[in-house]
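These are the residues of each chain, in order.
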Amino acid sequence: MSSPQPDDLAIQVENATMQFGKEGSSLFVNALLETSLTVKKGEFLCLIGPSGCGKSTLMNLMGGLLTATSGSVDVMGQAINGPMPDKIAFVFQENSLFPWNTIAENIDVGLKFRGVEKAERARRTKESLASVGLSEFADHYPRQLSGGMRQRAALARALSLETDIILMDEPFGALDEQTRMIMGEDLSHLMARTGKTIIFVTHSLGEAVYLADRVAIFSARPGRIKRIIDVNESHPRLPSFVTSEKFVNLRNELYRELHDEMAKATPHSNKIATVSADGAQLSSEDELA
Amino acid sequence: MSRSSLLDKLLVLLTWVVCLLLIYWAWREATGEGGVSITLLPAPDAVFKELGHILSTGAFIEPWEVTFYECVMAFSWAASVGLALGYVISRSTYLVQVFEPLLASLFTVPMVLFFPLCVLYFGLGPNSKIVFGFSVAFFPIVLAAISGFASVESGFVQAARSMGATRWQMFHLVLVPAAFPVVLSGLRMGAVLTFLSVLGSETLGSLEGLGHAIHNASMDMNPAEMYAYIIIVIVIAALLNLSLGVIEAIGNRRYGVTEGE
Amino acid sequence: MPIQNIASAAIPNTPLARGHAVPWSERLRSPAAARLYVIAALLILWEIFARFIVDPLFSAPPSQVFGNMGALLARPGVVEALMLTLGELAAAFVLAILIGLVIGLAVGSTRFSKRAFFPVLMMLYGIPQVTILPILILTFGIGPMSKIVFGVTHGMFPVIIATVASMNNLKPIFRTSAWAMGASRWQTFRYVLLPHMVPGFFTGLRLAMSGVLIGVLLGELYASSKGIGHFTQMFSDNFDQVNLLGIVLIVAAIAMVFNAIVRRVELYFSRWRA
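Everything numeric here is computed off the predicted structure, so don't read it as measured data.

As for the overall build of chain A
- Helix and strand counts for chain A come out as nine helices and ten strands.
- The proportion of buried residues among the 289 residues of chain A is 43%.
- At a minimum sequence separation of 6, the contacts of chain A that also span at least 24 residues come to 69%.

As structure tokens, then:
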């Protein structure tokens, strides 16, 4: 990778450390340790790693929902402290649509927070709903939609804010595999169309390879980025990409990288891991040596 | 964290103490010279003296025994009839659809309206209180029994059936534990309502019991005695609530249900 | 209070609700029809008991009770008594809501005030209020005022509890989400906390209505000069079963209608909930 120009940078994280609780207390958690990362404009970056490895923490730092214990986070060349709703929109894993508002109202209220004029709000609501294929459901309440549709609506809300960056924290985590695949394809099309910068936390290896331009792999706690894998494949990616040799190789590589991290994060599963993942175990031992 | 929560607790405690002192001070001031008429609010000392008298002479025991007897009888009837009927209804979706809305809307009728009828039919003695207490406590219990037994997860029943449970096993090993928390909270509500309605009916029309004692003291223009009995009733109510809470917690733990679920 | 929520478990999908394409035989067997049979059976049983079994001094058959309703309402003072009682109910309900809302908002607004005062309020709520009824009568007399006050003390606690609870059980993700979209404090209150509180608040209102009914009617029956309590007292002193049952049934019907109205309002305002 050629070193990027400052103008090309969307987010720059430098030596960020995040600790919760006081050092020495039983509640102390070293969630993220001296992590540096740059995200280029128009890039799709996936964060993947064992549970509790700090990937969500890093995402919340980048979004300004958390403030780093030490180190810095710059968004578009500007140091961050607190959310930047004009630059960054979120899609959360948990259903964050307000249940008392219809889908259209949910989008409208977000734009109200941004101080957008009424006519413009109506236009953007309509457009963003159309772009995720939910125009017909504008007047439904969230509870009337399936989980997948709710996450589409949440994505529409994020799109309506017209930010350059969208942070997505396991947005499809609660969905079934088939719905995830469709959502992933749509998201890749969206990438090709809009050129937004997307940072995406996931547990799914396939999802990471399918969507990302780069995949950042986290080590177990204390969290830090262990390795970054490039996926050189242009958006929109087609379903056939999943069966290609390139996809399978990348996914296997990811699996190897993650496997011993998972084992570290869940100590009691070590034994089973050694038996069931022979090949992977060998190569990771090579790496350790 | 632990230090700040300790501070928090101390502050809360302090607020309570200050509130209590304020109330006591206001009470004394209000009953002092030029204050509220003594028939409305007697001085705290007079009330506590009367309370000591009632407790030491055991004057409260007789009315308490009557009230207790009425409560036990009313609750036993409400619980046994309510649970049995609720269980029977819950066994058929059709019966649930017929009776549940009926019972639920009857539950919204203020039963106190029918108390004069109770007195006419059953006299001023304990029987009218028992019938009235029953008519109030019955509804939450039967409704809880219906909802508890009718909404047992079908997965539990299927699992038990697949393992060859007999009817009796199905009842006492699956249905009862599964319905337990809902039924128990219905019983708890029923117990509280029994106490309240027995007290209320004793106040409205009775010859004995704690409610009657309060009413009587107010008729006799003996406010100190009235307030003393009110304090006794409040303490009993608090003890009742406390013990019901403990019983519910123990019961729920017995069936592995944690708080708030 | 999960028990009272059971009242909401009406069954929308009975054949009757689906319209007129249902054959009569099926309609006659629908739960709604069966409910009517149950009510009819109870009325017939009552009629038989009152006519042939129980001493007429102690009971009156429903045919007489309902037939007498017109005469009952024509009695001087009865309609006025009903209106007075309705007025007491309305005044107590409104006051209970206002007072409960103010106290609830004050107590629920900070963590400290909630921890310090909420347990105290719950303790007060646990006191058998009927014990203070004689005091209220002594203080406010046997007119409408004592009933209104007693209705308020019964009705305000559910409002307080509902307000405090609904202020505090907002899922954090909604606050975070609003924050991430740049909502101001006021906007977060106006567009997030407030709409979230509405259904819980209306549930509180429904419970408040039950409380107000109990408080006002208990006060009426204890001592009344012009309200319905005056008439129930008079009728039962005269063993006038027909009129006593008549007036009791009228008030019971009014209570059911009031409860049903509040319930409807509650359902309307919580329609976005599952």
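Remarks on the overall build of chain B
- Within chain B, the secondary structure is distributed over ten helices and zero strands.
- In chain B, the succession of α and β elements from N to C terminus is α-α-α-α-α-α-α-α-α-α.
- Against the 2.2 N^0.38 benchmark of 18 Å for 261 residues, chain B shows a C-alpha radius of gyration of 23 Å, more extended than a compact globule.
- When its C-alpha atoms are laid out on the principal axes, chain B stretches across 80 × 60 × 30 Å.
- Of all intrachain contacts in chain B linking residues separated by at least 6 positions in sequence, the fraction that spans at least 24 positions is 75%.

Some points on the interface of chain B and chain C
- Every contact between the two is made by 51 residues of chain B and, on the other side, 42 residues of chain C.
- Residue assignment for the side of chain B that touches chain C shows that the elements contributing at least two residues are helix 1 (2-31), helix 4 (93-107), helix 5 (115-122), helix 6 (126-150), helix 8 (167-204), helix 9 (210-219) and helix 10 (223-254) of chain B.
- Among the residues forming the side of chain B that touches chain C, the class breakdown is 35 nonpolar, 14 polar and two charged.

Quick notes on the nonpolar core
- Judged by nonpolar contacts, the single largest core of 124 residues is most densely connected at I141(B) and Y229(B).
- If you tally residues by element for this core, the top one is helix 6 of chain B, at 16 residues.
- If we skip the residues at most four places from it in the chain, Y229(B) touches L210(B), A213(B), I214(B) and A217(B).
- Core analysis: the second largest hydrophobic core is formed by 83 residues, I11(A), F137(A), M168(A) and A208(A) among them.

So, the sheet that holds strand 1 (residues 9-20) of chain A
Residue and element names in this part refer to chain A.
- The strand order across the open sheet built from four strands is 2-1-4-5, with neighbouring strands paired in antiparallel fashion. Two strands in the sheet have a free side with no partner beyond their single neighbour: strand 2 (29-40) and strand 5 (78-79).
- For strand 4 (residues 70-75) and strand 5, the ladder comprises two bridges, and the chain directions are antiparallel. Bridge pairing in strand 5 places V75 opposite Q78.
- Together, strand 1, strand 2 and strand 4 form the strand contacts of helix 1 (residues 55-63), whose direction differs from that of strand 1 by roughly 120 degrees.

Some words on the interface of chain A and chain C
- The partner chain C presents 18 residues to the 18 residues of chain A that form the contact.
- Counting residues per element, the side of chain A that touches chain C draws most heavily on helix 2 (residues 103-113) of chain A, which supplies three residues.
- Split by residue class, the side of chain A that touches chain C holds twelve nonpolar, three polar and three charged.

Overview of unusual backbone geometry
- Cis geometry marks the peptide bond from H235(A) to P236(A), where omega comes out at -5 degrees.
- By secondary structure assignment, the location of P236(A) is in the loop between strand 10 (225-230) and helix 7 (245-265).
- Residue M76(A) is not a glycine yet carries a positive backbone phi of 50 degrees.
- The topology assignment puts M76(A) in the loop between strand 4 and strand 5.
- The class of M76(A) is partly exposed, set by 18 C-beta atoms lying within 10 Å.
- At F239(C), a residue that is not glycine, the phi angle is positive and equals roughly 50 degrees.
- The residue F239(C) is located in the loop between helix 12 (228-237) and helix 13 (241-269) in this model.

Side note on the sheet that holds strand 9 (residues 214-218) of chain A
All names here are of chain A.
- Pairing is mixed in the open sheet, where six strands are placed in the order 6-7-8-3-9-10. The outermost strands of the open sheet, each flanked by one partner alone, are strand 6 (88-91) and strand 10. Taking the axes of each pair of neighbouring strands and ignoring which way they run, one obtains an average angle of 15 degrees across the sheet.
- The pairing of strand 6 with strand 7 (residues 165-169) spans four bridges and is classified as parallel. If you follow A89 over to strand 7, its bridge partner there is I166.
- Each of strand 6 and strand 7 touches helix 4 (residues 147-160); the most contacted strand, strand 6, lies at about 175 degrees to it.

Regarding the packing of helix 6 (residues 78-108) of chain C against helix 11 (residues 185-222) of chain C
Residue and element names in this part refer to chain C.
- Put simply, helix 6 and helix 11 touch, their axes get as near as 9 Å, and they point 135 degrees apart. Between helix 6 and helix 11, the crossing angle belongs to the class labelled oblique. As for how helix 6 packs across helix 11, the hand of that crossing is right-handed. On the side of helix 6, the interface is formed by T85, E88, L89, A92, F93, A96, I97 and G100, while helix 11 contributes L205, A208, M209, V212, L213, G215, V216 and E220.
- Of the residues assigned to the contact of helix 6 with helix 11, the class counts are eleven nonpolar, three polar and two charged.

A word on helix 8 of chain B
- In a regular helix each residue adds 1.5 Å, so 38 residues correspond to 56 Å; helix 8 of chain B covers only 47 Å between its end C-alpha atoms and thus falls short of that length.
- At F180(B), helix 8 of chain B shows its largest bend, some 60 degrees, and a proline, P181(B), comes one to four positions later.

Focus: helix 4 of chain A
Residue and element names in this part refer to chain A.
- For helix 4, built from 14 residues, the straight-helix expectation of 20 Å at 1.5 Å per residue is met to within 8% by its first-to-last C-alpha distance of 20 Å.
- Counting buried positions over the 14 residues of helix 4 gives eleven, a clear majority of the element.
- Turning to helix 4, its buried residues are R150, Q151, R152, A153, A154, L155, A156, R157, A158, L159 and S160.
- Buried positions along helix 4 lie against strand 6, helix 2, helix 3 (118-131), strand 7 and helix 5 (177-194).
- E162 sits one or two residues past helix 4 and shows a positive phi near 50 degrees.

A word on the confidence of the model for chain A
- The predicted model of chain A has a mean per-residue pLDDT of 84, with 89% of residues at 70 or higher.
- For residues 269-289 of chain A, every residue scores under 50 in pLDDT, and the model assigns this stretch 13 contacts once sequence neighbours within four places are set aside.

Notes on the pairing of strand 3 (residues 44-48) of chain A
- The element strand 3 of chain A is largely enclosed, with a buried count of five among its five residues.
- Burial along strand 3 of chain A is two-sided: the face carrying F44(A), C46(A) and I48(A) and the face carrying L45(A) and L47(A) are both buried.

Here we look at the environment of S197(B)
Residue and element names in this part refer to chain B.
- Its place among the elements puts S197 in helix 8.
- Once the C-alpha coordinates of S197 and F132 are considered, the two residues, 65 residues apart in sequence, prove to be 7.1 Å apart.
- When residues no more than four places from it in sequence are discounted, the contact partners of S197 are F132, G133 and V136.

Side note on the environment of I146(B)
All names here are of chain B.
- Its place among the elements puts I146 in helix 6.
- When the 30 C-beta atoms within 10 Å are taken as the criterion, I146 is described as buried.
- The spatial distance from the C-alpha of I146 to the C-alpha of W77 is 17 Å, given a sequence separation of 69 residues.
- With residues up to four places along the chain from it excluded, the contact list for I146 reads G86, I89, S90, V96 and E100.

Basis of the calculations
- Residues numbered from 1 in each chain as written.
- Chains lettered and ligands numbered in written order.
- Predicted model: local features only at pLDDT ≥ 70, side-chain atom pairs only at ≥ 80, totals over all residues.
- Helix = DSSP H or I, 4+ residues; strand = E, 2+ residues; numbered from the N terminus.
- Buried ≥ 20, exposed ≤ 12 C-beta atoms within 10 Å, placed from the backbone.
- Contact = placed C-beta atoms within 7 Å.
- Rg over C-alpha atoms; globule rule 2.2 N^0.38 Å.
- Nonpolar A, V, L, I, M, F, W, Y, C, P; charged D, E, K, R; others polar.
- Core = buried A, V, L, I, M, F, W, Y, C linked by C-beta atoms within 7 Å.
- Pairing = 2+ DSSP bridges.
- Axes fitted to C-alpha atoms, helices over the stretch in contact; angles between N-to-C directions.
- Parallel < 35°, antiparallel > 145°, perpendicular 65-115°, else oblique.
- Left-handed = near helix turned anticlockwise from the far one by under 90°.
- Expected span 1.5 Å × (residues − 1).
- Bend = angle between axes of the 7 residues up to and from the residue.
- pLDDT = per-residue confidence, 0-100.

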